[in-house]
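# Fold and contact review
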Amino acid sequence: MFKKILIANRGEIALRIIRACRELGIKTVAVHSEADNDSLHAKFADESICIGPAPSDESYLNIPNIISAAEISGADAIHPGYGFLAENTYFAEVCQSCNITFIGPSKEVILKMGDKSKARKAMEKAGVPIIPGSKGTISKIDDALKLARKIRYPVVVKASAGGGGKGMRIVQNQEGLKNAVMTCQSEAKAAFGKEEVYLEKYIPKPRHVEFQILGDRKGNIIYLPERDCSIQRRHQKLVEESPSPAVNSKLRRKMGHAAVKAAKAVKYTTVGTVEFLLDNDGDFYFMEMNTRIQVEHPVTELVSGIDLVKMQIKLAAGEKLHLHQDKIKICGNAIECRINAEDPDKDFLPSAGTISNYVLPGGPGVRVDTGIYPGYSISPFYDSMIAKLIVIGNNRQEAIARMERALGEFVIDGVKTTIPFHTKVMTDDSYRKGEVNTGFIQERIFKQA
Amino acid sequence: MFKKILIANRGEIALRIIRACRELGIKTVAVHSEADNDSLHAKFADESICIGPAPSDESYLNIPNIISAAEISGADAIHPGYGFLAENTYFAEVCQSCNITFIGPSKEVILKMGDKSKARKAMEKAGVPIIPGSKGTISKIDDALKLARKIRYPVVVKASAGGGGKGMRIVQNQEGLKNAVMTCQSEAKAAFGKEEVYLEKYIPKPRHVEFQILGDRKGNIIYLPERDCSIQRRHQKLVEESPSPAVNSKLRRKMGHAAVKAAKAVKYTTVGTVEFLLDNDGDFYFMEMNTRIQVEHPVTELVSGIDLVKMQIKLAAGEKLHLHQDKIKICGNAIECRINAEDPDKDFLPSAGTISNYVLPGGPGVRVDTGIYPGYSISPFYDSMIAKLIVIGNNRQEAIARMERALGEFVIDGVKTTIPFHTKVMTDDSYRKGEVNTGFIQERIFKQA
Amino acid sequence: MKKKKSKNSSNKKAKELLQIREFVNLIKDADITELLWEKDGTRISFKRGAPNLEEQKESAQEEIEDYAPLPPSPKIEQKSPQQKEETLPFSEKYTTIKSRMVGTFYNSLSEDQPPLVKVKDIIKRGQKICVIEAMKIMREISADKGGRVVKILVENGHPVEYGQDMFLIDPYYQKKEAPETPKKKHK
Amino acid sequence: MKKKKSKNSSNKKAKELLQIREFVNLIKDADITELLWEKDGTRISFKRGAPNLEEQKESAQEEIEDYAPLPPSPKIEQKSPQQKEETLPFSEKYTTIKSRMVGTFYNSLSEDQPPLVKVKDIIKRGQKICVIEAMKIMREISADKGGRVVKILVENGHPVEYGQDMFLIDPYYQKKEAPETPKKKHK
């Protein structure tokens, strides 16, 4: 086992890793920017080293200073958390060359999964369902028509150079296809300078359902109960829950096996997440694989009783996975709300400031992961997520009631937060019925406002 | 179900009840003294009513004002919490006469269980093991010798008028008994003016093991996994855990059935606790029954997944107990540390003051129940317990490691607290081995100091 | 189990019963204000929270006729966590008569009778000023201080909590005009 | 998943590699101080945290010879949560040369050579003052300001973090005595 772990991150996830290390009896080294002198992660670690000024690219992304910090403190492993260097293959490589264990999968896996088209090909080869579509760009309209007939309408025509909804056309039937391809091509040409387009099956109102997987170096891989992360705003997850209201035990087994297949295909080790789109018919498609611990990992911890960060560290240290798939249970329903220092009434404008009044929710079934405290100054340099509020109940109804009351207890004065926004979500009828998809925020919450 | 519950208490337990009510959709009325104007329970309840000045007997024990508060706010039930009026039969009676439901068992049960000798007789009749001893006082030495032979040595001779260790003689064998009875009688005469003594089997180094029971009005009664509360200082519990390291599943069933028998004998309803002394041979004896929710209820909540306060409210409202004994599971190990505003280095002298720096522990498996917040002034008028820190782990070792790290994260500046004391307990070898009894604090912790 | 507290509460039981009986008996004398003075004098005095009249008597004596209307005391309403911390903007010249009970406030002895006290009335210490109903019993409440009534702060039939301000009083008025007051001159 | 950040980090990858190569190349010129000045001038200047010399030059010019010994900087030791908040009690007359890197501090170019700088030495801006080892590479560090060395705040062979004070400098001394300094007169 590692003797000392350097945590190349900040905020709640740095604290989360310190907590896991403490419980495992491993010493910790925090690194921090000058702006984070008074951060809890710097205060609570056994050692802490300043690695640069406030901007991330000169501190939390400063590989030479982070590696030097590991060397002068004698750390034998580095935990990257999420974001920052967590999926940086170069960083993983530097760690390896300095004989420091990078807590995550091998750099080859990070590289393969970081490239969307490579990952898609690997999954297709492994037999994991991917969104049906053209192998490359569409040049002839006849090919497009043939493919669309095969994968069935609705389909979507997308500009290869596009993104974020730009240069996209949804086509409901054969009649519209030719026109859509041509419009999309000319739009793409105008907007991006390239007229290449490709074709994909359109998934209307999908859910985002993901599976946490755990793997050891012997090739043992298991999946844990899924997380439903459909509540998103501009592709940013805001609320996550486990299990998903849309997944029954049969579908869970089917999707879980696909996730394990995906992980096995790339010889995955430590912890990772396979993300799927789930449509209304119960069909699901591989989206991407995240090769790190995720923000929303606590909902899985609460329903499975497994400490994922401790597990990640043990697996990175080469321990054998001693959990068996058939022993994994789901105990209750868990929900996480990401509390961001943002003003929900002003288009989620980030809100920096100093925390004045501060009361944390508590009592049964409530967990808070946060790096803030009264008097703490929220820096404009970093991500706006300042706390995660996670609850568990015996059933989904109890979990929602608990989240609602915990949100009501949560007092953070000094900055605007998304707490009132989450209260709206929790009291929404569709949410309570579990009828959500990735369009929920736009359709249900903003329409009311 | 109740529409509005008045909470006749303060501090963390008042908040705990507000939380349960919120989740059940029941309105809450807090009552508070003038000293508790800024208390969280007064702030977080739907309504709050000042019922008197700081001293408890003029506010939290002021029955007319509490009943009036219930009347003017239209509350249909009163939750007494623990302490204060929780086991006051007169208060239960006044509630009944005002058509307000007292959330607890009937006043007859409170009365019977509140009288130690009545309770002992009722238990003996029901076949619940009690500590063997003389039925009344010992007058003839021959009777004492005969009884001692029957219940086996060691025995203890106690002055009827004594208490707290005064007027007590432990006798190891027949030879010492006569002398002990005589000395004890003359000591009792001198100290208390009455020479009556009685004889009881002496239980050396017992554990305090108690069972939470739940009962409905139809006579359905079940027990939940036991709590081990052996870590005490001057009969004040300090650390509690569930399950007990000294109880295996066979003993659990045996003791649990005895607890249910005890509860059935008095037609117990709502929640209650049967306390036993457990000796080294696995024999156990009824001590007393507590007819209320207890400070240490969260350890049971964590291992059983049952929200005891919500259950208590539902049962008091007449709902049927829908839990079955064979469905009750133990998930992991839970520990609670009572954080008191006391100076452990100065014989646990209460320490009042204003909270300055304040950081709550968080992360996986950690629960905090507290009524304090930064800037909160701890009043010298009330109990010194300011927070309960409760953790759960997959096993006892993980729970202890988690408690140790959570204690390390807990920052409460402005008053002295028992946090350092609890860290000593958690790192003690005997504690880690689970080898504790009611003499633990005296033998292990104070000897080291 | 919280042994410290349960011992306290069991010790208190007998005391409690006595206190209540004592209380009920004394209510019949209808001078609750005085009762509380006698009983709790050393620990919770009426001076607490109200300006010290003895000290202020020497200071300025101007009459302030207009008084900004107070919001109706909404203490028993749904409220935000911080609301409690606000204090009413009382003039330092005025003082209040507070409730020493929890119950329902009535301004007269019964529905068909006129109010015991109206704004601008001069009241004397010990004079009946309102009725508070608690546990189905109507208790006549006497003034614990004299002066001119500037404002009645509780509406008829509304609840009052312990320590709630019921009457806003100008205590200096009494000094100047008490001899001319038409009400209850006989002591 | 934190999409915002993961996008950032993938965009940063190429930039990162470039930066490091650039960095390593520049190290060979042995003037890291100057490099950092050039590169980050607008956002993180050396002025931050140190007294503004331009403004203070006009003020009093007394020489303060004795300086209370500073505690050895124990930043990379076990510490209590609050310890970080303390600041060292520097005299306003003095300034410091801080580390812009994380690594191990050496006072000489190699073990068998004399220290580059001793207490009471007069140093000039740009002069080599120490070596910091990071990622197995020894980097010669130049002074970013001149003056007389009052104290060396890091022990030979000990670690330094970013922003850590390495040398306590009296900047006024330079002005008066720099012409007489026997060291490195040639620019």
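What you are looking at is a predicted structure, and each value in this text was computed from that prediction instead of being measured.

Calculation criteria
Residues numbered from 1 in each chain as written. Chains lettered and ligands numbered in written order. Predicted model: local features only at pLDDT ≥ 70, side-chain atom pairs only at ≥ 80, totals over all residues. Heavy atoms only, no water. Helix = DSSP H or I, 4+ residues; strand = E, 2+ residues; numbered from the N terminus. Rg over C-alpha atoms; globule rule 2.2 N^0.38 Å. Buried < 20%, exposed > 50% of the residue type's maximum accessible area, 1.4 Å probe, protein only. Contact = heavy atoms within 4.5 Å. Areas by Shrake-Rupley, 256 points an atom, 1.4 Å probe, with all protein chains shown as cover. Lys, Arg positive; Asp, Glu negative; His and termini not counted. Charge placed at Lys NZ, Arg CZ, Asp CG, Glu CD. Patch = residues over 30% accessible without salt bridge, like charges linked within 9 Å, V, L, I, M, F, W, Y side chains within 5 Å. Salt bridge = Lys/Arg side-chain N within 4 Å of Asp/Glu carboxyl O. pLDDT = per-residue confidence, 0-100. Arc of directions from axis to C-beta. Expected span 1.5 Å × (residues − 1). Axes fitted to C-alpha atoms, helices over the stretch in contact; angles between N-to-C directions. Parallel < 35°, antiparallel > 145°, perpendicular 65-115°, else oblique. Left-handed = near helix turned anticlockwise from the far one by under 90°. Nonpolar A, V, L, I, M, F, W, Y, C, P; charged D, E, K, R; others polar. Pairing = 2+ DSSP bridges. Phe/Tyr/Trp six-rings, centres within 6.5 Å; stacked < 30°, edge-to-face > 60°.

## Brief notes about the overall build of chain A
Across its full length, chain A carries 15 helices and 23 strands. Taking 22 Å as the expected radius of gyration for a compact globule of 449 residues, we find that chain A reaches 23 Å, a close match to that expectation. Buried positions account for 64% of the 449 residues belonging to chain A. Contacts spanning at least 24 positions in sequence make up 65% of the contacts within chain A whose residues lie at least 6 apart. In the form shown here, chain A has an accessible surface area of approximately 16700 Å², with 48% of it arising from carbon and sulfur atoms. Here chain A holds 62 positive side-chain charges and 54 negative ones, and the gap between their average locations is 6 Å.

## Describing a positive patch on the surface
Judged by side-chain charge, K112, K118, K125 and K267 of chain A come together as a positively charged surface patch. Note on K112 of chain A: relative accessible area 37%, which makes it partly exposed.

## Re unusual backbone geometry
The omega angle of the peptide bond from Y153 of chain A to P154 of chain A is -5 degrees, so this bond is cis rather than trans. Locating P154 of chain A in the fold gives a position in the loop between helix 7 (141–151) and strand 6 (155–163). The linkage connecting S242 of chain B with the following residue, P243 of chain B, adopts the cis geometry, with an omega of -10 degrees. With respect to the element layout, P243 of chain B can be found in the loop between strand 12 (236–242) and helix 9 (249–265). Although it is not a glycine, N99 of chain A adopts a positive phi angle of roughly 60 degrees. Checked against the element boundaries, N99 of chain A lands in the loop between helix 4 (89–97) and strand 5 (101–102). A positive phi is found at K120 of chain C, a non-glycine position, where the angle reads about 80 degrees. Considering the arrangement of structural elements, one finds K120 of chain C in the loop between strand 2 (103–106) and strand 3 (122–123).

## Quick look at the environment of N107 of chain C
Relative to the assigned elements, N107 of chain C resides in the loop between strand 2 and strand 3. Ignoring any residue separated from it by four or fewer positions in sequence, one finds N107 of chain C in contact with P115, L116, V117, I129 and N156 of chain C.

## Quick word on the confidence of the model for chain C
Residue and element names in this part refer to chain C. Per-residue confidence for chain C averages 63 on the pLDDT scale, and 43% of its residues sit at or above 70. Every residue in residues 1–14 is under pLDDT 50, and counting partners more than four places away or in other chains gives 30 contacts. Here residues 177–182 is a poorly scored stretch, pLDDT under 50, and it has five contacts once near neighbours within four places are set aside; other chains count. For this predicted complex, the interface confidence reaches an ipTM of 0.75, while the overall pTM sits at 0.82.

## A short note on helix 13 (residues 419–426) of chain B
Considered for burial, the residues of helix 13 of chain B that qualify are I419, F421, H422, V425 and M426 of chain B. For helix 13 of chain B, the buried positions fall inside an angular range of 155 degrees around the axis, keeping them on one side.

## A short note on helix 9 (residues 249–265) of chain A
Residue and element names in this part refer to chain A. With 17 residues, helix 9 should reach 24 Å at 1.5 Å per residue; the first-to-last C-alpha distance of 24 Å fits that figure. Among the residues of helix 9, L251, R252, M255, G256, A258, A259, V260, A262 and A263 are the ones counted as buried. One or two steps after helix 9, the chain reaches K267, where phi turns positive at roughly 55 degrees.

## Focus on the pattern of salt bridges
In a structure, side chains of opposite charge can pair up when their charged atoms sit close to one another. In the structure shown here, the tally under the stated rule is 78 salt bridges over all chains. Here E12 of chain A makes a salt bridge to K388 of chain A, at a shortest N to O gap of 2.9 Å. With E12 of chain A in helix 1 (residues 11–24) and K388 of chain A in strand 22 (residues 385–393), this pair connects stretches of sequence that are 376 residues apart. Residues E12 of chain A and K388 of chain A agree in their burial class; the two are buried. Here R16 of chain B ties to E301 of chain B by a salt bridge, and the two come within 2.7 Å at their closest N and O atoms. Taken together, the residues R16 of chain B in helix 1 (residues 11–24) and E301 of chain B in helix 10 (residues 297–304) connect sequence positions 285 residues apart. Here R16 of chain B falls in the buried class, since its relative accessible area comes to 0%. In this structure E301 of chain B comes out as buried when scored by relative accessible area, which is 5%. One network of salt bridges, with partners in common, ties together R16, R19, E23, E301, D307, K310, R367 and D369 of chain A together with E398, R402, R405 and E409 of chain B.

## As for the packing of helix 1 of chain A against helix 11 (residues 308–316) of chain A
All names here are of chain A. Packing of helix 1 against helix 11 brings their axes to within 9 Å, and their N-to-C directions diverge by 65 degrees. Here helix 11 runs roughly perpendicular to helix 1, going by the angle between their axes. For the pair helix 1 and helix 11, the sense of crossing is right-handed. From helix 1, R16, I17, A20, C21, E23 and L24 reach across to helix 11, where they touch L308, V309, K310, I313 and K314. Looking at the contact of helix 1 with helix 11, its residues break down into seven nonpolar, no polar and four charged.

## So, the sheet that holds strand 2 of chain C
With antiparallel pairing, the four strands of this open sheet are ordered in space as 5-4-2-7 (chain C). The sheet is open, and its two edges are formed by strand 5 (137–142) and strand 7 (159–160) of chain C, each paired on a single side. In this structure, strand 2 of chain C lies alongside strand 7 of chain C, joined through two bridges in antiparallel fashion. Bridging across to strand 7 of chain C, G103 of chain C finds its partner in V160 of chain C. Where helix 3 (residues 63–73) of chain B meets the sheet, its contacts fall on strand 2, strand 4 (128–134) and strand 7 of chain C, and the angle it forms with strand 2 of chain C comes to roughly 65 degrees.

## Considerations on the packing of aromatic side chains
Residues and elements named next belong to chain A. If you walk through the whole model with that rule in mind, you get 22 aromatic pairs over all chains. With a centroid separation of 6.0 Å and an interplanar angle of 80 degrees, the aromatic rings of F91 and F102 are classed as edge-to-face. Here F91 is found in helix 4, whereas its partner F102 is found in strand 5, with eleven residues between them in sequence. When its relative accessible area of 9% is taken as the criterion, F102 is described as buried.

## Observations regarding the packing of helix 12 (residues 396–409) of chain A against helix 1 of chain B
Across the interface, helix 12 of chain A lies against helix 1 of chain B with an axial gap of 8 Å and an inter-helix angle of 130 degrees. Put simply, helix 12 of chain A runs oblique to helix 1 of chain B. Of the two possible hands of crossing, helix 12 of chain A and helix 1 of chain B adopt the one that is right-handed. On helix 1 of chain B, the residues that touch E398, A401, R402, R405 and E409 of chain A of helix 12 of chain A are R19, R22 and E23 of chain B. When the residues that make up the contact of helix 12 of chain A with helix 1 of chain B are grouped by side-chain class, the tally is one nonpolar, no polar and seven charged.

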